[in-house]
Amino acid sequence: MDWADDWEVSGATDPMTRPKLGSWLRDERGKYDGLVAAAVDRLGRNVVDCLNTCIFGEP
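What counts and how
- Residues numbered from 1 in each chain as written.
- Predicted model: local features only at pLDDT ≥ 70, side-chain atom pairs only at ≥ 80, totals over all residues.
- Heavy atoms only, no water.
- 1 Å grid on protein atoms, 1.4 Å probe; cavity = no way out; pocket = protein on both sides within 12 Å on 5 of 7 lines; lining within 4 Å.
- Points joined across faces, edges and corners; volume = space filled by probe spheres on them.
- Nonpolar A, V, L, I, M, F, W, Y, C, P; charged D, E, K, R; others polar.
- Salt bridge = Lys/Arg side-chain N within 4 Å of Asp/Glu carboxyl O.
- Helix = DSSP H or I, 4+ residues; strand = E, 2+ residues; numbered from the N terminus.
- Buried < 20%, exposed > 50% of the residue type's maximum accessible area, 1.4 Å probe, protein only.

A. Summary view of the layout of surface pockets. A volume near 690 Å³ is recorded for the largest pocket. As for the largest pocket, its lining consists of 20 residues, of which Asp2, Trp3, Ala4, Leu35 and Val36 are closest to the centre. Here the lining of the largest pocket is composed, by residue class, of 13 nonpolar, one polar and six charged.

B. The pattern of salt bridges, seen in detail. Applying the stated criterion across every chain, the model contains two salt bridges. Across the salt bridge formed by Asp5 and Lys20, the nearest N and O atoms sit 3.0 Å from each other. Taken together, the residues Asp5 in the segment before α1 (21-25) and Lys20 in the segment before α1 connect sequence positions 15 residues apart. Taking the relative accessible area as the measure of exposure, Asp5 reaches 38% and is therefore partly exposed. Residue Arg26 is joined to Glu28 by a salt bridge in which the shortest nitrogen-to-oxygen separation is 3.0 Å. For Arg26, a relative accessible area of 35% puts it in the partly exposed group.

C. Geometry of unusual backbone geometry. Even without glycine at this site, Asp27 takes up a positive phi of about 60°. Its location among the elements puts Asp27 in the loop between α1 and α2 (47-56).

As structure tokens, this is what we get:
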């Protein structure tokens, strides 16, 4: 278990390019079993961003 707290990054920023979350989604941090967010709007600004996070960030 680890944290990717990109709270200072705008929700408009592509999740794959965020400083901390992006490294997990690009498999630079190793395998993981799940992804938890405090709120859906922290994963992306709209439905497409959230779905891309789930699809491209698939472990």
